[in-house]
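# Structural overview
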Amino acid sequence: MISPSIFILLTMVGIYSAYGYLTPAVITATAEFESQEFIVPLESIPVKTKVVDSTSKALSPMSVKEYVLIGDKRYEVLSPWLGHRLKGHADPQKFDLVMLPLELVLENRKIYITAATRDAFVEMAAAASLDNVELVVDSGYRSVAYQKRIYQRKMDEGDDFYDIARGVAPPGYSEHMLGTTIDLVPSKWTFSGTAAEKWLNENAADFAFIQSYPQKSDRGFTWEPWHWKYIGDS
Ligand SMILES: [Zn+2]
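Residues numbered from 1 in each chain as written. Predicted model: local features only at pLDDT ≥ 70, side-chain atom pairs only at ≥ 80, totals over all residues.

## Side note on the sheet that holds strand E10 (residues 209-211)
For clarity, the cut-off: Pairs of strands are assigned from DSSP output, requiring at least two bridges between the strands. What counts as a helix is a DSSP run of H or I of at least four residues, what counts as a strand is a run of E of at least two, and both are numbered from the N terminus. The angle between two axes is taken between their N-to-C directions and runs from 0 to 180 degrees, where each axis is a line fitted to C-alpha atoms and a helix contributes only its stretch in contact. Residue pairs qualify as contacts under a 7 Å threshold applied to their C-beta atoms, which are placed from the backbone.
The four strands lie next to each other as E8-E9-E11-E10, forming an open sheet whose pairing is antiparallel. One side of each edge strand has no neighbouring strand; the edge strands of this open sheet are strand E8 (137-139) and E10. Ignoring which end each strand starts from, the neighbouring axes of this sheet average 45° apart. Inspection of the sheet shows strand E9 (residues 181-184) paired to strand E11 (residues 227-230) by three bridges, in the antiparallel sense. Paired with threonine 181 across the strands is lysine 229, a residue of E11. Across the sheet, helix H2 (residues 115-130) is in contact with E9, E10 and E11; its angle to E11 comes to roughly 120°.

## Quick notes on the nonpolar core
Where we set the bar: Residues of type Ala, Val, Leu, Ile, Met, Phe, Trp, Tyr and Cys that are buried and joined through C-beta atoms within 7 Å form what is called a nonpolar core. Exposure criterion: with C-beta atoms placed from backbone coordinates, a residue whose C-beta has 20 or more other C-beta atoms within 10 Å is buried, one with 12 or fewer is exposed, and one in between is partly exposed.
Ranked by internal contacts, the top residues of the largest apolar core, which has 20 residues, are Met124 and Phe209. Counting only elements with at least two residues in this core, the list comes to strand E7 (112-114), H2, E9 and E11. Residue contacts for phenylalanine 209: discarding those within four places in its chain leaves Ala120, Met124, Ala204, Trp228, Lys229 and Tyr230. Counting six residues, the second largest nonpolar core, distinct from the first, contains Val68, Trp81, Ala169 and Tyr173.

## Some details on H2
Structurally, the α-helix is built with 3.6 residues per turn, so residues lying three or four positions apart point the same way. Formally: Expected helix span is taken as 1.5 Å per residue step, with the number of steps being one fewer than the number of residues. Note that the arc is computed from the directions linking the helix axis to the C-beta atoms.
Spanning 16 residues, H2 covers 23 Å between terminal C-alpha atoms, matching the ideal 22 Å at 1.5 Å per step. Thr117, Arg118, Ala120, Phe121, Met124 and Ala125 are the residues of H2 that are buried. Buried residues along H2 cover an arc of 165° about the axis, so they all sit on one side. Projecting away from the buried face of H2 at angles above 90 degrees are the exposed residues Glu123, Ala126 and Leu130. Here the buried face of H2 lies against strand E6 (97-99), E7, E9, E10 and E11. Phi turns positive one or two residues past the end of H2, at asparagine 132, with a value near 60°.

## Things to note about the pairing of strand E4 (residues 67-70)
Alignment of E4 against strand E5 (residues 73-76), held across four bridges, turns out to be antiparallel. The residue bridging valine 68 from the neighbouring strand is tyrosine 75, located in E5.

Note that every value here comes from positions in space, so none of it alone points to a role or purpose.
Right, here's the structure in full:
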């Protein structure tokens, strides 16, 4: 059966400028964040592709193309990240970022998360400690630009964008930009099977922490047993 003539309608939808800016106050407070100039990147202009027939009736659900800009090249974002761009949450001005207590982080690093996440994590770590389980944080808030640098570095080393995207969220798609997400030590596969993982699976929900990339994800994300998100605020 031949369908009526089909047109592809490309519609530029709004530029959301919610992210891309870092205030001097934030830069001062958080040394590992951006210090360079920040421009609204090309990736912040999603293009919607709508398939319509000759009477403009939609023939398919709206499909959306999304891109990120790494260096001077634009890459199309594919599954499982497509559709999961974290809009409007990346503006550090909206955050109440605080540093995690040094005794709870790896190698005394300066790791920032929202105050509510910090408070909940400190409480959870204390409870775990009573069960002789140590929870140590490896990573917390990461800006969009920081995520971009991770890609840039890997690509400078010769890795392909799409290979990297299998294991690392593209800039703008990482929950770490929400300020409510932490990675625990060891932030790799060996976390699976540790006492920390077992304890978290049994108790984290009591402290409003969830595994947002679980082993069986209906969204197709790779399992990250070390990656935990605080949802008490939402
Ligand atoms: Zn993570």
